[in-house]
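Now for the letters of each chain:
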Amino acid sequence: MKQNYRLVMLETLKHLEGRPKLLLHACCGPCSSNVIKELCQYFDITIYYTNSNIYPADEYHRRESELERFVKEFNDKENQNVQVVEDTYDPEEYLTHIAPYKDTGEKGYRCYVCYKVRMEKARDYARMHGFDYWTTVLSVSPHKNSQWINEIGDDLDLEAPKFLHSDFKKDNGYLKSTRMSDEYHMYRQNYCGCVYSYQEMLEREKTDL
């Protein structure tokens, strides 16, 4: 039986004390948008951009730049102080983890490994820098497996900081994020990120011709 992680998160939010520090792994501006808007009511948020999966390098930097621009505009508009920290971009190291599973396809085991690699980096950074909670925006996408994401979070949540369970696509979360993307005139990519999803996107475009 699948767990409703949206309800789990709402229950956690009801029992927070003060404004805990949250490290939020983010893959891009559009996926972050409504998640930040929702969570900044409860947490002091630092975004961690650890996405060595993104191919090619120009695309990686474009998504990071768009995220920075969005956060600055969001802070000004909403009177918030969300911070952004960028991890080192190391696609070669990333591929050592994912390459053995390259043929499993979108939503296959390579995606599970990709979630885990990035979430583990976020957990480690959160632990090293004294955050109270950590989580990821990945579950906002209808193409991402929220059960896997939360199970990985549970596996990594062996001690402080705490993992914040979530399914950000629920309660129209994905729709709200697309509307915010339009509101902030954000660039929205047409593939997930890794070189294999990029190649699959090119194949789809050929088929659509």
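If you're wondering where the values come from, they're calculated on a predicted model, not measured in any experiment.

> Go over the UniProt feature "binding site: [4Fe-4S] cluster" (unreviewed entry) in the protein chain with me, naming the residues and quoting the values.
Mapped onto the present numbering, the UniProt feature "binding site: [4Fe-4S] cluster" (unreviewed entry) falls at Cys27, Cys28, Cys111 and Cys114. Note on placement: Cys27 falls in the loop between strand E1 (21-25) and helix H2 (29-39). Ignoring any residue separated from it by four or fewer positions in sequence, one finds Cys27 in contact with Tyr49, Asn51, Ile54, Arg63, Arg118, Val137 and Leu138. Along the chain, Cys111 falls in helix H5 (residues 109-128). For Cys111, a relative accessible area of 10% translates into the label buried.

> Describe the environment of Ser33, and please don't skip the residues or the numbers.
Mapping Ser33 onto the fold places it in helix H2. For the pair Ser33 and Asn145, spaced 112 residues apart in sequence, the C-alpha to C-alpha distance is 19 Å. Ignoring any residue separated from it by four or fewer positions in sequence, one finds Ser33 in contact with Phe70, Ser177, Met180, Ser181 and Met186.

> Any details on the packing of aromatic side chains? Residues and values, ideally.
What characterises a pair of aromatic rings is the spacing of the ring centres plus the angle enclosed by the ring planes. The final tally for this structure, using the stated rule, is 14 aromatic pairs. Both rings, one in Tyr49 and one in Tyr60, keep their centres 5.1 Å apart while their planes meet at 50°; by these two values the pair is tilted. Placement of Tyr49 in strand E2 (residues 44-49) and of Tyr60 in helix H3 (residues 57-78) is noted, with a sequence separation of 11 residues between them. Using a relative accessible area of 1% as the deciding quantity, one classes Tyr60 as buried. Three or more aromatic residues joined by ring pairs make a cluster, and in this case those are Tyr101, Tyr109, Tyr112, Tyr115 and Trp148.

> Give a detailed account of the nonpolar core, specifying residues and quantitative values.
Ranked by internal contacts, the top residues of the largest apolar core, which has 48 residues, are Ile36, Leu39, Phe43 and Ile45. Put simply, the parts of the chain that give this core at least two residues each are helix H1 (5-14), E1, H2, E2, H3, H5, strand E4 (133-136) and helix H6 (146-156). Per-element accounting of this core gives the leading share, 7 residues, to H5. The next biggest cluster of nonpolar side chains, apart from the first, holds 8 residues, and it includes Tyr94, Val117, Cys194 and Tyr196.

Reading the values: the criteria
- Residues numbered from 1 in each chain as written.
- Predicted model: local features only at pLDDT ≥ 70, side-chain atom pairs only at ≥ 80, totals over all residues.
- Heavy atoms only, no water.
- UniProt positions renumbered as here; feature names shortened; annotations may be inferred.
- Helix = DSSP H or I, 4+ residues; strand = E, 2+ residues; numbered from the N terminus.
- Contact = heavy atoms within 4.5 Å.
- Buried < 20%, exposed > 50% of the residue type's maximum accessible area, 1.4 Å probe, protein only.
- Phe/Tyr/Trp six-rings, centres within 6.5 Å; stacked < 30°, edge-to-face > 60°.
- Core = buried A, V, L, I, M, F, W, Y, C linked by side-chain atoms within 4.5 Å.

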